[in-house]
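Residue strings, one per chain:
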Amino acid sequence: VRLFVAIEIPAEVCKRLAELIGDFRVLAPSLKWVRAENLHLTLKFIGEVESTKLDAIRSALAGIRPPGEFELTYQGLGFFPSEKRPRILWSGIQATPELAQLAFEIDMALSALGVPREERAFAPHLTLARLGDLPLPGSLRTALSRRVTEEFGVARVTEFHLIESKLKSTGAEYTTVQSFALATEH
Ligand code: 2AM
């Protein structure tokens, strides 16, 4: 099974981003745009593992000491690796330290099961489109520059999810395997 750990985005934010994607897609239909229902904030990409490992992964995630609930601000647009070499178009996330702490706890817990640790710094984002080596159309660059600081919503995170990704010819299909609650404040 192919797995990753993610935070799901609220319906209101999803709707706003779906509208943005719709506006941009007409300017660059050849890019691989993410389907709105597939938008998520990846905390950890696990990748392909034997299904016999699934229970251990679930236990490891259930066993972390998660931070308390926190708020995320969905705002901004940008490119990986850089604006000069745009390969991924993303929407940004502003968060309190709990988000990176959560990603770190998950990374550590899974490394005990042999999942390779992240080498790169955690850069929270929502992938909107994958360009690969395709050039960024000028019309899209202009449209983007007018909306780089746009805010798509603010929402509280109460849980995270282990998600299975099935790669199909029609695109990835995601199924939630298990959800895990964050600590609630007393
Ligand atoms: P992305 O949003 O930056 O593309 C499910 O595939 C999720 O895992 C994607 O959202 C993707 O993040 C993330 N991911 C991280 N590393 C990956 C890799 N090597 N291959 C595929 N997806 C990866």
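Since this is a predicted model, take the numbers as computed values, not measurements. (Residues numbered from 1 in each chain as written. Predicted model: local features only at pLDDT ≥ 70, side-chain atom pairs only at ≥ 80, totals over all residues. Heavy atoms only, no water.)

### Concerning the site of the ligand
- Taken together, Arg2, Phe4, His40, Thr42, Phe45, His125, Thr127, Arg130 and Tyr174 make up the full set of residues near the ligand.
- Taking Thr42, its side chain carries an N or O atom lying 3.0 Å from an oxygen atom of the ligand.
- The separation between an oxygen atom of the ligand and a polar side-chain atom of Arg130 is 2.6 Å.
- Contact with the protein chains covers 64% of the free accessible surface of the ligand, which is 470 Å².
- Of all the secondary-structure elements, those providing two or more residues to the shell around the ligand are strand 1 (2-8), strand 3 (40-48) and strand 6 (125-130).
- A class-by-class count of the residues in the shell around the ligand yields 3 nonpolar, 4 polar and 2 charged. (Near = heavy atom within 4 Å. Polar contact = N/O pair within 3.5 Å; in protein donor to acceptor, adjacent residues only side chain to side chain. Areas by Shrake-Rupley, 256 points an atom, 1.4 Å probe, with all protein chains shown as cover. Helix = DSSP H or I, 4+ residues; strand = E, 2+ residues; numbered from the N terminus. Nonpolar A, V, L, I, M, F, W, Y, C, P; charged D, E, K, R; others polar.)

### Quick word on the side chain of His161
- Mapped onto the secondary structure, His161 falls in strand 8 (residues 159-168).
- A polar contact is formed between the side chain of His161 and the side chain of Ser179, at a distance of 2.7 Å.

### A few points about the pairing of strand 9 (residues 171-181)
- The sheet contact formed by strand 8 and strand 9 spans 10 bridges and is antiparallel. Within strand 9, the position partnered with Glu159 by the bridge is Ala181.
- Where strand 8 folds back onto strand 9 in an antiparallel hairpin, the turn is made up of 2 residues. (Pairing = 2+ DSSP bridges.)

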